[in-house]
Amino acid sequence: MDTTLPEPKERKEEFLDSLANGLQLLQIYATGVASVTVQEAAEQLDVTRAASRRILLTLEKLGYVRQDGRNFSPTPKVMDLGYAYFASLSLPKLTRATMREVAQTVGETCSLGVLDRQHVVFLAREEGPKLLKLDLSVGSRLPAYAHSLGRTLLSTLDDEALDAYLESADLKRLTPYTTVSRSALRKLIRQVRQDGYCISVSELVDGFAGVAVPLYNHEGRAVAGLSVSMVLGSRQPDELKRQHLPALQRAAAAILDMMPRSTI
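What counts as what
Residues numbered from 1 in each chain as written. Predicted model: local features only at pLDDT ≥ 70, side-chain atom pairs only at ≥ 80, totals over all residues. Heavy atoms only, no water. Salt bridge = Lys/Arg side-chain N within 4 Å of Asp/Glu carboxyl O. Helix = DSSP H or I, 4+ residues; strand = E, 2+ residues; numbered from the N terminus. Core = buried A, V, L, I, M, F, W, Y, C linked by side-chain atoms within 4.5 Å. Buried < 20%, exposed > 50% of the residue type's maximum accessible area, 1.4 Å probe, protein only. Patch = residues over 30% accessible without salt bridge, like charges linked within 9 Å, V, L, I, M, F, W, Y side chains within 5 Å. Areas by Shrake-Rupley, 256 points an atom, 1.4 Å probe, with all protein chains shown as cover. Pairing = 2+ DSSP bridges. Axes fitted to C-alpha atoms, helices over the stretch in contact; angles between N-to-C directions. Left-handed = near helix turned anticlockwise from the far one by under 90°. Contact = heavy atoms within 4.5 Å. Nonpolar A, V, L, I, M, F, W, Y, C, P; charged D, E, K, R; others polar. pLDDT = per-residue confidence, 0-100.

Here's the deal with the pattern of salt bridges
Summed over all chains, the structure comprises nine salt bridges. Ionic pairing is found between arginine 125 and glutamate 127, a salt bridge with its closest N-O pair at 3.9 Å. The shortest N-O distance in the salt bridge between aspartate 159 and arginine 190 comes to 3.9 Å. Of this pair, aspartate 159 sits in helix 7 (residues 159–168) while arginine 190 is found in helix 8 (residues 182–195), placing the two residues 31 residues apart along the sequence.

Re the nonpolar core
Leu112, Leu215, Leu226 and Val228 are the most contacted members of the largest nonpolar core, which totals 30 residues. A total of seven residues in this core trace back to one element, the largest contributor, which is helix 9 (residues 237–258). Ranked by size, the runner-up nonpolar core spans 21 residues in total, among them Ala144, Leu162, Tyr165 and Leu166.

A closer look at a nonpolar patch on the surface
Among the surface-exposed residues, Leu16, Leu19 and Leu23 lie close enough to one another that they form a single nonpolar patch of about 290 Å² accessible area. Leucine 16 gets classed as exposed once you look at its relative accessible area, which sits at 52%.

A closer look at the sheet that holds strand 4 (residues 119–126)
Read across the open sheet, the six strands follow the order 5-4-3-8-7-6; overall the sheet is antiparallel. Looking along the sheet, the strands with just one partner apiece sit at the ends: strand 5 (141–143) and strand 6 (198–201). Here the strands of the sheet are splayed against their neighbours by 30° on average, with no regard to which way each runs. Bridge count between strand 3 (residues 109–116) and strand 8 (residues 222–231): five bridges; the pairing is antiparallel. Within strand 8, the position partnered with glycine 113 by the bridge is glycine 225.

A closer look at the packing of helix 7 against helix 8
Interhelical geometry of helix 7 versus helix 8 gives an angle of 145° and a closest axis separation of 11 Å. Considering only the axes of helix 7 and helix 8, their crossing is right-handed. Contacts between helix 7 and helix 8 pair Asp159, Leu162, Asp163, Leu166 and Glu167 from the former with Arg182, Leu185, Arg186, Ile189, Arg190 and Arg193 from the latter. For the contact of helix 7 with helix 8, the residue count by class is four nonpolar, no polar and seven charged.

Topic: the environment of lysine 241
In this fold, lysine 241 is placed in helix 9. A C-alpha to C-alpha distance of 9.8 Å links lysine 241 and glycine 210, two positions 31 residues apart in sequence. Setting aside its immediate chain neighbours within four residues, lysine 241 contacts Tyr197, Ile199 and Pro246.

Comments concerning the environment of leucine 59
When you line up the elements, leucine 59 lands in helix 3 (residues 49–61). Taking relative accessible area as the criterion, leucine 59 reaches 9% and is therefore assigned buried. Sequence separation between leucine 59 and proline 74 is 15 residues; the distance between their C-alpha atoms is 9.1 Å.

Digging into the confidence of the model for the chain
Predicted confidence across the chain gives a mean pLDDT of 83, with 84% of residues reaching 70 or more. pLDDT under 50 marks residues 83–89. Its contacts with residues more than four places away, or in other chains, come to 13 contacts.

As structure tokens, then:
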């Protein structure tokens, strides 16, 4: 008598096609594809346009992709799916030594962050020797419009995406110096785009300032931003630019040189 147990049948009812397709779509982005349309996703996933649209709109509702016209592109929230791995092995690890050098050179806190819808999210921080500093840690979220790093990242968006941000952003006056006019903020961010850096003074916390630059990958896409924050004291914005911007620009160039072409 044959007592060999039969191979278990695939439990089709326990396999969620929609979940599998959603994960497969995120894997398409991981190959370096910047955006997809409903039709392109349907072809890649071998599903109908209606199914493709439902998948993309679900991911948008959950915050994992953003829609820009016909195109859907990933947001930094995708990193939440594997943040521990990312934080230990990817960009924060790659930048740590360079950030530490910046912090020691300028004597201030150096931060790495990304844009997640309304906020800038900190992925890594290296503290300078100063005693007075903002009480922030990895994972902290701050309103992008009022932070030098946030404005730098907003400046890397195209005009349509920037307009969408400004229309939806909850602009609150955090200090007497916070810019809350949408037209004025748009002008400031476009100036940051032109300059390639941002200096923000007393807009998030009165008496604190920040200088920030974007970090680009080898394909010219902004993947994060780098900043230093400090107590302003008696210094003027021109002094901050002279004292801190060169170190940040050198660090951004050094990080790009170290960055694998497949990063993010």
